[in-house]
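Descriptive analysis of the structure
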Amino acid sequence: MSMTGRDCTEIPVRTVEVVRAACPKGTRVTRLCDALGPVFVDDDFVGWFAAEGRPGRSPGMLALVWVLQAMEDLTDRDTADAVRTRLDWKYALSLDLEYPGFDFSVLSEFRDRLALDGRAASLLDAMLDRAREAGLLKGGARVRADSPHVLARIRTLNRLEMVGETVRAALDQLAEVAPGWLRPRIRPGWPERYGRRIESGRLPAGQQARAAWGAQVAADGADLLELVDTDQENAWLAGLPAISTLRAIWEQQCVRDQRGRWRLREGRITEGAVHVDSPRDPQARWCQKRDTTWSGYKVHLSETCDDGAPYLIVQASTTVATTTDNAALGAIRDERGRRDLAPGELYLDEGYVTAEAVAAAEDDGTEIVGPLTRDSSWQATAGRGFARDDFMIDWGARAATCPAGRRSAAWRHRPHMAGDGAAIEVAAADCHACPFRTDCTRSVSAGRQIVIPSRRLYEIQRRNRTDQNSQEWKHRYQHRAGVEGAISEAARAYGVRRCRYIGLEKTKVQHQLAGCGMNAARITDWIERDSQPVPERSQTRFTALRSTVTQS
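**Things to note about the packing of aromatic side chains**
Scanning the model with the defined rule gives five aromatic pairs in all. Taken together, a centroid distance of 5.7 Å and an interplanar angle of 65° make the contact between Trp 395 and Tyr 458 edge-to-face. Taken as a pair, Trp 395 in the loop between β10 (392-394) and β11 (399-401) and Tyr 458 in helix α18 (residues 455-467) lie far apart in primary sequence, 63 residues in all. Comparing Trp 395 with Tyr 458, the two get one shared label, buried. One aromatic cluster is present, formed by Trp 395, Trp 411 and Tyr 458 through successive ring pairs. In this structure, Arg 442 packs its charged tip against the face of Trp 378, placed 4.0 Å from the ring centre.

If you want it as structure tokens, here you go:
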């Protein structure tokens, strides 16, 4: 399929006349077009299509269709109908009134193209560029971010369902890509066991019967892996996604007994960063955050919050659920830098903020505003003045003085989790003679020892932990509170908490388009609010009556 150029800068005159007559005040869709102009042009997608072949649909038009679909939360069928029947959509897409539209399957094909090589991010980039050209966005803005959890599009499976579905998924993929290879290798009983979806209600009744069924499935999966691994002429089969998933799940769920027979493991399988939670979506991961547990992903949403401008989503970065917030922050900041949208102030919660992140942001001209994790040692918890930060550090003399006035006897280099650091120790004799010993250390023989990071990180930690206790800092940090509203909007109106598709790459597409849809709605609402006077707040009859009584 090749790309043919299309002039989307000029809206047909007849389309303009009819839309203006039918919608004199405009609609959300027409206001978006008038504010940003042509949001996407075909030249933005040159690398996505071959130079020769059957001409395809205009990618610039399809990209805008995707954004409008996300803004109004439509299905593919309803979106194709809107392109064919709605006047305001034809206006925004620069189409003639007679345009017949296209089949809804075109959107699915374009979605597959978006899922390759992180292309979906280019849609949000292009939209932000148009907003910047329109004066609605600028670099150095105030930005706040958070990471809601995302539920994968999978079933919750018990162990028997898990192994059975894994073998079935592997056989399905082999039947699709290598039917000639699989047909002579089908073992007796495979069609009956794996011909339909594995569900607990269809499994044999009784504990012994189910154990025997599980052992048979374990043997079947091991036999299938052996068939694939021993065929050197078709070694490429071992790299199929379903075969790789089968191998990973068998390492977690199955084991050989003393006689060499395969069986399911006994006891609970510990979840973790490498634990596959479903054969249908092997990238989904089980995770727990406080009292919430889920299997799926995270999406890191960043929103501008400057006064006098619309609040826009400048980033929607999707990661696996087990990626911690502070580990994802580096990649998020790099992406913002590539977009030339590095914020002046970045408001984050405790999960993102580390001394290293604050230092790296300062180097790029960004101030991170967020609470740093507090000292969790028992000395700090007791609150009696003998925590690590209560020691006075003399960096020039490489010594520290404890709150009781004892000076350290040793300063040794020691690796810290944030890089280079130092271990500082007070002499045991000084500690033994100190009346505050029980409040400072529980060591019987040695003196008090503290471990500190490099000087810059140490000073950042002390400064931030002191500042975040002040009322001025707490008042300033209130800017972050609005991100909860953005997450609620994204979850309730755009469905970002539930995957519509399977796999990390297509989930990224969903979240990038949701960000585009939110921006489209917010830009049009901002324009409408500026163009029309704000109506007075309505009052109940009782409130109006009370105000008249007060005035009299």
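**Considerations on the pairing of strand β5 (residues 285-289)**
Pairing of β5 with strand β6 (residues 292-304) involves five bridges; the strand directions are antiparallel. When the bridges of β6 are listed, Cys 287 appears paired with Trp 294. Linkage of β5 to β6, two consecutive antiparallel strands, is achieved through a turn of two residues, within which Arg 290 is found at a positive phi near 55°.

**Examining the pattern of salt bridges**
Per the stated rule, a full pass over the model turns up 42 salt bridges. Here Arg 197 and Glu 199 are joined by a salt bridge, their closest N and O atoms 2.4 Å apart. On the basis of relative accessible area, Arg 197 is assigned to the partly exposed category, the value being 39%. By sharing partners, the salt bridges in this structure join Arg 155, Glu 165, Arg 168, Asp 172 and Arg 280 into a single network.

**A look at the sheet that holds strand β13 (residues 419-426)**
Pairing is antiparallel across the open sheet formed by three strands, whose spatial order is β12-β13-β14. Looking at which strands have only one partner, the edges of the open sheet turn out to be β12 (408-416) and β14 (449-453). Strand-to-strand, the axes of this sheet are offset by a mean angle of 25°, without reference to chain direction. Pairing geometry for β13 and β14, over five bridges, is antiparallel. The residue of β14 that forms the bridge with Ala 422 is Ile 452.

**Looking at the nonpolar core**
Membership of the largest hydrophobic core comes to 87 residues, with the highest contact counts inside it found for Phe 40, Phe 102 and Ile 368. Residue contacts for Ile 368: discarding those within four places in its chain leaves Leu 329, Leu 346, Leu 348, Val 353, Ala 357, Val 358 and Ala 361. Ala 170, Ala 222, Leu 227 and Ile 249 belong to the second largest nonpolar core, which has 33 residues in total.

**Some words on the packing of helix α2 (residues 28-36) against helix α3 (residues 59-72)**
At their nearest, the axes of α2 and α3 sit 12 Å apart, and the two run at 135° to each other. As judged from the angle between their axes, α2 and α3 are oblique. Crossing hand, α2 versus α3: right-handed. Contacts between α2 and α3 involve Arg 28, Val 29 and Leu 32 from the first element and Leu 68, Met 71 and Glu 72 from the second. Its residues assigned to classes, the contact of α2 with α3 comprises four nonpolar, no polar and two charged.

Cut-offs used in this document
- Residues numbered from 1 in each chain as written.
- Predicted model: local features only at pLDDT ≥ 70, side-chain atom pairs only at ≥ 80, totals over all residues.
- Heavy atoms only, no water.
- Phe/Tyr/Trp six-rings, centres within 6.5 Å; stacked < 30°, edge-to-face > 60°.
- Helix = DSSP H or I, 4+ residues; strand = E, 2+ residues; numbered from the N terminus.
- Buried < 20%, exposed > 50% of the residue type's maximum accessible area, 1.4 Å probe, protein only.
- Lys NZ or Arg CZ within 6 Å of the ring centre and 35° of its normal.
- Pairing = 2+ DSSP bridges.
- Salt bridge = Lys/Arg side-chain N within 4 Å of Asp/Glu carboxyl O.
- Axes fitted to C-alpha atoms, helices over the stretch in contact; angles between N-to-C directions.
- Core = buried A, V, L, I, M, F, W, Y, C linked by side-chain atoms within 4.5 Å.
- Contact = heavy atoms within 4.5 Å.
- Parallel < 35°, antiparallel > 145°, perpendicular 65-115°, else oblique.
- Left-handed = near helix turned anticlockwise from the far one by under 90°.
- Nonpolar A, V, L, I, M, F, W, Y, C, P; charged D, E, K, R; others polar.

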